[in-house]
Amino acid sequence: MKSLILTSLIALSASVAMAADVVYEAPQPPVAEIATPVFTWSGPYLGIQGGGSWLDGDFSAAGATASDDFNGGRFGVFGGYQYQFDNNFVLGLEGDVSYDWNENTYLDAVDVGTDWSGSVRAKVGYAIDRALIYATGGWAITRGYIDISGAGEETKTFNGYTVGAGVDYAFTDNIFTKLEYRFNDFGDKNVDVLGVPVNADLKQHLLTVGIGVKF
């Protein structure tokens, strides 16, 4: 009898010990994976720009011809909209307006140059992460003038085309910089100089840098 009771106590103790070793682990809740947003160049943007302008002018009147360079700085604004496709190609439309300090003075009395200019252009590019390499081209316009002391000012609007290329780089999801080269051919116009028609043909090289905000 004593042996039976002893055996039962030993068996009960073993059962309690085994039960104590069993630890119930509640299932862990699933960990939510937060997707990292992928940068895209899609959307509207605005910015400011500045740089240099190199204008070549060819002039002819009454059988005589002359050429000169009109070089200076420039400052303006730009803006547009672009869309990035799944294959990283980017299409967009951009416009800009700038003031060019392109002026020469002759005989201390005649100022000749261009001031306001602008363009509306298509953009085709390829995005490499936060860098966008692109080509651009479209319509360009500028205002040329001849200001003669004591005789007034004559202005003409020149229209032509522009082509170029550039690179944009986004430092953040919203702030980017740009570096761009463009060639403008504004065509030719007849400008009246003291009653004499002077044909002016204008071509321009631009190098601009800028900073923009993408919305």
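Residues numbered from 1 in each chain as written. Predicted model: local features only at pLDDT ≥ 70, side-chain atom pairs only at ≥ 80, totals over all residues. Heavy atoms only, no water.

Re the packing of aromatic side chains
Test applied: Ring geometry is summarised as follows: Phe, Tyr and Trp rings, the Trp one being its six-membered ring, pair when their centres sit within 6.5 Å, and such pairs are stacked at plane angles under 30 degrees, edge-to-face over 60 and tilted between the two. For every residue, the accessible area (1.4 Å probe, protein chains only) is compared with the maximum for its type, and the residue is labelled buried under 20%, exposed over 50%, or partly exposed between those bounds. Charges are assigned to positions over rings by a cutoff of 6 Å between ring centre and Lys NZ or Arg CZ, combined with an angular limit of 35 degrees from the ring normal.
Summed over the entire model, instances satisfying the criterion amount to 12 aromatic pairs. Ring geometry for Tyr99 and Trp101: centres 5.0 Å apart, planes at 65°, overall edge-to-face. Seen from their ring centres, Tyr169 and Phe171 are 5.3 Å apart, and the 75° between their planes marks the pair as edge-to-face. Here Phe171 falls in the exposed class, since its relative accessible area comes to 55%. The ring of Phe39 carries Arg130 above its face, with NZ or CZ at 4.7 Å from the centroid. Just above the ring of Phe78 sits the side chain of Lys178; from NZ or CZ to the centre is 4.2 Å.

With respect to unusual backbone geometry
Put simply, the rule reads: Helix and strand labels come from DSSP, where a helix needs a run of H or I of at least four residues and a strand needs a run of E of at least two; each type is numbered from the N terminus.
One non-glycine residue with positive phi stands out, namely Asp108, at about 60°. Structurally, the position occupied by Asp108 is in the loop between β3 (89–106) and β4 (110–128).

Things to note about the pairing of β4
Definition in use: Any two strands are treated as partners once DSSP identifies two or more bridges connecting them.
For β3 and β4, the ladder comprises 16 bridges, and the chain directions are antiparallel. Residue pairing for β4: Ser98 is matched across the bridge by Ser117. Counting the residues that bridge the hairpin from β3 to β4 gives three residues, and of these Leu107 lies at a positive phi of roughly 60°. Between β4 and strand β5 (residues 131–148), which follow one another and run antiparallel, lie two residues, and Asp129 among them has a positive phi close to 60°.

Topic: the environment of Gln49
For clarity, the threshold we go by: Any two residues having at least one pair of non-hydrogen atoms within 4.5 Å are treated as being in contact. Between N or O atoms, a polar contact is any pair within 3.5 Å; within protein, one atom must be a potential hydrogen donor and the other a potential acceptor, and residues adjacent in sequence are included only when both atoms are from side chains.
Mapping Gln49 onto the fold places it in strand β1 (residues 43–61). What makes Gln49 buried here is its relative accessible area of 3%. Separated by 131 residues in sequence, Gln49 and Glu180 place their C-alpha atoms 10.0 Å apart. Not counting residues up to four positions away in its chain, the partners in contact with Gln49 are Arg74, Phe75, Gly76, Val77, Phe78, Asp96, Ser98, Lys178, Thr208, Val209 and Gly210. A polar contact is formed between the side chain of Gln49 and the side chain of Ser98, at a distance of 3.2 Å.

Some remarks on the pairing of β1
The pairing of β1 with strand β2 (residues 64–84) spans 19 bridges and is classified as antiparallel. Looking at the pairing, Leu55 lines up with Phe70 of β2. Here β1 hands over to β2 after two residues, with Ala62 in that stretch at a positive phi of 50°. Pairing between β1 and strand β8 (residues 196–214): 16 bridges, direction antiparallel. Pairing of Gly47 across the sheet is with Gly212, part of β8.

So, the pattern of salt bridges
Filter applied, for reference: Any Lys or Arg side-chain nitrogen located within 4 Å of an Asp or Glu carboxyl oxygen qualifies as a salt bridge.
For the coordinates displayed, the defined rule picks out 13 salt bridges. The salt bridge involving Lys123 is made with Asp168; its shortest N-O contact spans 3.5 Å. Of the two residues, Lys123 sits in strand β4 while Asp168 sits in strand β6 (residues 152–170), which places them 45 residues apart along the sequence. By the burial criterion, Lys123 is buried, and Asp168 matches it. For Arg130, the salt bridge identified is with Asp173, shortest N-O distance 2.8 Å.

Structural notes on the nonpolar core
Basically, it comes down to this: We call a set of buried residues a nonpolar core when its members are Ala, Val, Leu, Ile, Met, Phe, Trp, Tyr or Cys and they connect through side-chain atoms within 4.5 Å of each other.
Counting residues in hydrophobic clusters, the biggest one holds 11 residues: Leu55, Phe70, Val112, Ala140, Ile146, Ile148, Phe158, Phe186, Val191, Ala200 and Leu202. For this core, the elements supplying multiple residues, two or more each, are β5, β7 (175–193) and β8. With three residues, β5 is the single largest residue contributor to this core. The residues contacting Phe158, other than those within four sequence positions of it, are Ala140, Ile141, Thr142, Gly144, Phe186, Gly187, Asp188, Lys189, Val191, Ala200 and Leu202. Trp41, Tyr134, Ala170 and Phe176 belong to the second largest nonpolar core, which has 10 residues in total.

A short note on the sheet that holds β4
In plain terms, the rule: The convention used is that axes are lines fitted to C-alpha atoms, helices contributing only their stretch in contact, and that angles between N-to-C directions extend from 0 to 180 degrees.
Taken together, the eight strands give a closed barrel; going around it, the order is β1-β2-β3-β4-β5-β6-β7-β8, and neighbouring strands pair in antiparallel fashion. Across this sheet, the average inter-strand angle for adjacent strands is 20°, counted without regard to direction. The pairing of β7 with β8 spans 18 bridges and is classified as antiparallel. Looking at the pairing, Tyr181 lines up with Leu207 of β8.

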